[in-house]
Amino acid sequence: MKVSELNAILQTMPPDALVLIPLESGYESPRETYLTQAAEHADKRPEAGIGSYVVKDSAFETYETVGELFEVVVIDTSKGACQC
């Protein structure tokens, strides 16, 4: 999903509605939204139990990626998660 697509959807919704993101157990409100860079993860097998993308943070170099870095918007539910 692109930012423009998300903006179009959000503009149709009540501005005072709470935003919730599904987690493994329940839902959480975003604590942080930021722009960073990411790359595609080299291992995209569902059974690998990992996401399709790797965000450029302090652990980025420990993952095998493919392709060039590109800009992404991260909507995060954990406190102080951005280690950019």
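In this text, all values refer to a predicted model and were calculated from it rather than measured experimentally.

Each value, and the rule that gives it
Residues numbered from 1 in each chain as written. Predicted model: local features only at pLDDT ≥ 70, side-chain atom pairs only at ≥ 80, totals over all residues. Heavy atoms only, no water. Patch = residues over 30% accessible without salt bridge, like charges linked within 9 Å, V, L, I, M, F, W, Y side chains within 5 Å. Areas by Shrake-Rupley, 256 points an atom, 1.4 Å probe, with all protein chains shown as cover. Salt bridge = Lys/Arg side-chain N within 4 Å of Asp/Glu carboxyl O. Helix = DSSP H or I, 4+ residues; strand = E, 2+ residues; numbered from the N terminus. Pairing = 2+ DSSP bridges.

Bringing a nonpolar patch on the surface into the picture now. A grouping of M1, I9, L10 and M13 is seen on the molecular surface, where their side chains present a nonpolar patch of about 420 Å² in accessible area. Its location among the elements puts M1 in the segment before α1 (3-10).

Strand direction decides the pairing type here: strand β3 (residues 32-41) and strand β5 (residues 65-76), joined by nine bridges, are antiparallel. Within β5, the position partnered with A38 by the bridge is F70. In the sheet, β3 pairs with strand β4 (residues 53-55) via three bridges, with the strands oriented antiparallel. Pairing of A39 across the sheet is with V54, part of β4.

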